[in-house]
Amino acid sequence: MARTIPCVLMRAGTSRGPFFLRNWLPADERERDEALIGAIGASDPLQVDGVGGGSTLTAKVAIVSKSNEPGCDVDYLFAQVGVGRKSVDTRPNCGNMLSGVAPFAIEQGLVAAKDGETTVRVFNVNTRSRIDVTVLTPGRRVVYAGDTRIDGVAGTAAPIRLNFLDAWGAVTGSLFPTGKRIDRIEGLDVTCIDAAMPLVILRASALGLTGREAPADLDADRALMARIESVRRAAGAAMGLGDVSDSVVPKPVIASAGDGPFSITSRYFTPRRCHASHAVTGAIGVATAHALPGTVASGDEPITGARTVSVLHPQGRIDVDVVVDGHGDDASIRRAALVRTARKILQGDLQLPDYVFSTSTSTSSQGDLPVNKLLAPAALLAATAIGASAPALAQTYPTKTITIVVPTAAGGGNDAMARTISQKLGPLLGQTIIIDNRAGANGSIASEFVARAAPDGHTLMFGYVATHAMNPALQKLRYDPVADFEPIGLVGTSPTLMVANANVPVKDVKDLIAQLKAKPDKYTYASAGNGTAPHYAAELFKLNAGVVMLGVPYKGAAPAVSDTIGGQTQFMFPSLFTALPHVKSGKLKALAIAGPKRSPLLPDVPTLKEAGVDGVDVQQWYAFFAPAKTPKPIVEKLNKALNQVLADPEIIKRIEDHGADVESGTPEQLGALVKSELTKWKGVVQRAKLTAD
């Protein structure tokens with residue numbers, strides 16, 4: 001049965017979303033979040049069952065109420081609702097949605113309008129900061145029509161002035177939460193700043209960019225995106241925000257020179273896609289970093305007193321008026337202001353779907369089992385699955401969105417393969433599939449997460465040789481690759497390729513060995529982390545070639561490949577699936593196949609044995625796993641669907657074009673492979689005397 005609540009849909013700045021009075025929503029926070037998920041239609045990426053627009057910019061919510069804060073008129077709680085996932089995040093703030101708060105509050109009777117213009121002091125609950133918002137109210141009525149144009153929005157509207165009074169350090173407690181204006185993170189100089197929004201700012205030049213690239217081009221560079229995400233997570237920890245893997249803060253920014261002494265070009269990420277224009281809170285942070293000396297974004301000319309700083313973005317600019325007190329290291333921002341616009345799109349009653357509320361029950365799409373919906377406790381879901389009969393399980397599964405956890409950063413070969421398969425697997429199973437990248441600890445973070453997930457088939461793992469054989473063979477972990485998982489099915493295999501930076505002065509493997517013997521540690525190799533296939537292959541190469549080469553472990557193949565391309569490291573042993581696109585583009589130079597035979601995709605590249613180095617045979621494999629005790633009918637249904645996907649000619653071609661061979665099979669065959677591979681790599685660890693360090 002649908003539930004009905006009042007709603008005002010507004011375009012606010014360059015964002016859009018529903019505005020609610022706090023008392024229009026359920027008082028219970030859990031039920032409130034479920035209502036927001038239903039309002040936006042967060043369950044699927046297109047958000048067709050709600051008022052969202054399939055983008056983080058149009059999946060935003062503003063919740064407004066009378067304020068009890070001294071001197072403030074209204075409270076504003078911002079919520080970022082998921083796109084394709086049932087989530088609500090109230091940790092960040094949104095300055096664009098803020099521009100609609102004052103008009104909404106006035107029209108809802110929370111603030112009395114003045115004749116001419118009205119200033120509403122807004123208390124942002126997310127950051128516990130104050131903002132004065134001034135709107136035009138001739139005749140004591142809000143007007144939306146006007147002549148002000150903001151870049152990224154069609155047409156013109158009435159100006160709305162946002163004056164940020166105390167947004168500096170609002171989230172972390174300090175403007176520069178690490179205590180420095182420049183930090184060195186993963187080989188890059190960055191500025192971690194908390195000004196209206198926690199940001200980690202990187203120089204475009206350090207990433208090999210001009211800073212003026214189109215958002216679509218940045219998003220398409222998966223190695224770059226993976227590297228930015230890795231830096232973002234490290235910066236989040238350094239800023240005291242903890243593990244930010246599932247948070248949208250801090251936001252990454254790529255900064256470069258503007259078109260004048262008091263301007264800066266910015267590419268702002270949300271955080272895993274480049275913003276089509278720019279966030280208001282992000283513009284405040286970028287302008288602050290530009291106005292203050294000693295940051296990676298500081299301007300060439302010092303700023304004192306009042307000054308307008310222009311933040312240039314893909315669709316134009318945002319002019320931020322800043323007031324700077326003091327000089328040098330003592331300089332600080334007293335206030336920052338800018339102009340936005342807003343427009344009321346519609347007002348009425350919003351029908352919420354009943355299925356989003358966990359307190360209700362409804363019948364699954366197949367019509368048999370009543371299942372608890374959103375956010376049901378894992379134990380309840382597991383009990384439902386295990387206690388049901390086999391035919392019922394096979395018929396009703398899956399009952400909600402399926403999450404595939406990938407143990408490497410976005411942009412790498414594992415991630416690409418998982419996403420390719422999920423595009424076909426989801427429709428076959430009749431549910432949305434989302435990819436959850438949980439890089440770190442050489443795959444252990446993702447493996448532990450899935451091992452402890454509810455065994456109901458809705459959390460799966462895209463595992464590979466490192467997570468289920470190599471890393472467990474190298475060190476004692478908090479998961480057992482055999483006992484803690486139910487094998488679903490093999491996906492494919494890929495040989496390991498020895499590659500070099502395109503500009504490294506090495507002709508072939510023999511030349512490399514000669515140079516390393518003449519000067520040990522002359523070169524460094526990158527790996528996806530200790531205990532991964534690139535690490536094993538490199539160490540076996542060193543052992544069998546009798547050379548010394550320093551290893552640099554990364555949090556996944558994507559950032560390791562990126563730094564090898566960039567020259568920070570010179571060699572790597574990625575899978576052919578990961579490396580082939582970069583070899584074809586000329587960014588990497590293929591030296592040898594670390595396997596028993598040449599690849600038909602690179603017929604001129606010899607094996608290491610042919611090049612004079614025997615004993616380096618590292619075949620990478622990829623497979624799907626579920627938590628242990630996942631009922632057999634669910635495992636069988638997943639295996640059947642997976643094998644159907646792997647028989648699709650389009651999928652076969654896409655995977656094979658990248659250098660991997662598709663191989664399907666039964667759960668039992670995958671289980672036997674894991675056990676044999678674990679034994680094999682334990683033997684390699686002993687012979688090569690490898691350690692986790």
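Residues numbered from 1 in each chain as written. Predicted model: local features only at pLDDT ≥ 70, side-chain atom pairs only at ≥ 80, totals over all residues. Heavy atoms only, no water.

Participant: Looking at this model, I keep getting lost on the overall build of the chain. Mind explaining?
Facilitator: Summing up its helical and strand segments, the chain has 18 helices and 29 strands in all. Its C-alpha atoms give the chain a radius of gyration of 27 Å, within 12% of the compact-globule value 26 Å for 693 residues. Considered along the principal axes of its C-alpha atoms, the chain spans approximately 85 × 65 × 40 Å. Within the chain, contacts between residues separated by at least 24 positions form 69% of all contacts whose residues are at least 6 apart in sequence. A total accessible area of about 26,500 Å² is found for the chain, and carbon and sulfur atoms account for 50% of it. (Helix = DSSP H or I, 4+ residues; strand = E, 2+ residues; numbered from the N terminus. Rg over C-alpha atoms; globule rule 2.2 N^0.38 Å. Contact = heavy atoms within 4.5 Å. Areas by Shrake-Rupley, 256 points an atom, 1.4 Å probe, with all protein chains shown as cover.)

Participant: It is not clear to me how the pattern of salt bridges should be interpreted in this structure. Could you clarify?
Facilitator: Pairs can form between side chains of opposite charge whenever their charged atoms are close. The full count for this structure, using the stated rule, is 24 salt bridges. As a salt-bridge pair, Lys542 and Glu539 come within 3.2 Å of each other at their nearest N and O atoms. Of this pair, Lys542 and Glu539 both sit in helix H13 (residues 533-545), three residues apart, which is roughly one turn of that helix. Here the salt bridges share partners, and the residues they tie into one network are Glu229, Arg232, Arg233 and Arg272. (Salt bridge = Lys/Arg side-chain N within 4 Å of Asp/Glu carboxyl O.)

Participant: Even after reading the chapter, I still don't get the packing of aromatic side chains, so can you show me in this structure?
Facilitator: In total, this model carries nine aromatic pairs according to the counting rule given. A centroid spacing of 5.1 Å and a plane angle of 70° characterise the contact between Tyr536 and Trp681, whose relative ring orientation is edge-to-face. A residue pair is termed long-range when its members are at least 10 positions apart, and Tyr536 in helix H13 and Trp681 in helix H18 (residues 667-688) qualify at 145 residues. Like Trp681, Tyr536 is buried. Considering the side-chain rings of Phe541 and Phe573, the 5.9 Å spacing of their centres and the 45° angle between planes classify their relative orientation as tilted. In this pair, Phe541 is assigned in helix H13 and Phe573 in the loop between strand S26 (571-572) and helix H15 (576-584), connecting sequence segments 32 residues apart. Each member of the pair, Phe541 together with Phe573, is buried. One aromatic cluster is present, built from ring pairs that chain together Phe19, Trp24 and Phe104. Over the face of the ring belonging to Phe357 we find Arg3, whose NZ or CZ atom lies 3.9 Å from the ring centre. Sitting above the plane of the Phe449 ring, Arg438 keeps its charged end 3.7 Å from the centroid. (Phe/Tyr/Trp six-rings, centres within 6.5 Å; stacked < 30°, edge-to-face > 60°. Buried < 20%, exposed > 50% of the residue type's maximum accessible area, 1.4 Å probe, protein only. Lys NZ or Arg CZ within 6 Å of the ring centre and 35° of its normal.)

Participant: Just checking my understanding: could you explain the packing of helix H5 (residues 222-238) against helix H14 (residues 557-566) for this structure?
Facilitator: A pair of packed helices can be characterised by two numbers: the angle between their axes and the separation between those axes. Remark: H5 packs on H14, axes separated minimally by 8 Å, with the N-to-C direction vectors making an angle of 110°. Taken as axis vectors, H5 and H14 run roughly perpendicular relative to one another. Read as a crossing pair, H5 and H14 show a hand that is left-handed. Touching Ala223, Ala226 and Arg227 of H5 are Ala558, Pro559, Ser562 and Asp563, all from H14. Taken together, the residues of the contact of H5 with H14 break down into four nonpolar, one polar and two charged. (Axes fitted to C-alpha atoms, helices over the stretch in contact; angles between N-to-C directions. Parallel < 35°, antiparallel > 145°, perpendicular 65-115°, else oblique. Left-handed = near helix turned anticlockwise from the far one by under 90°. Nonpolar A, V, L, I, M, F, W, Y, C, P; charged D, E, K, R; others polar.)

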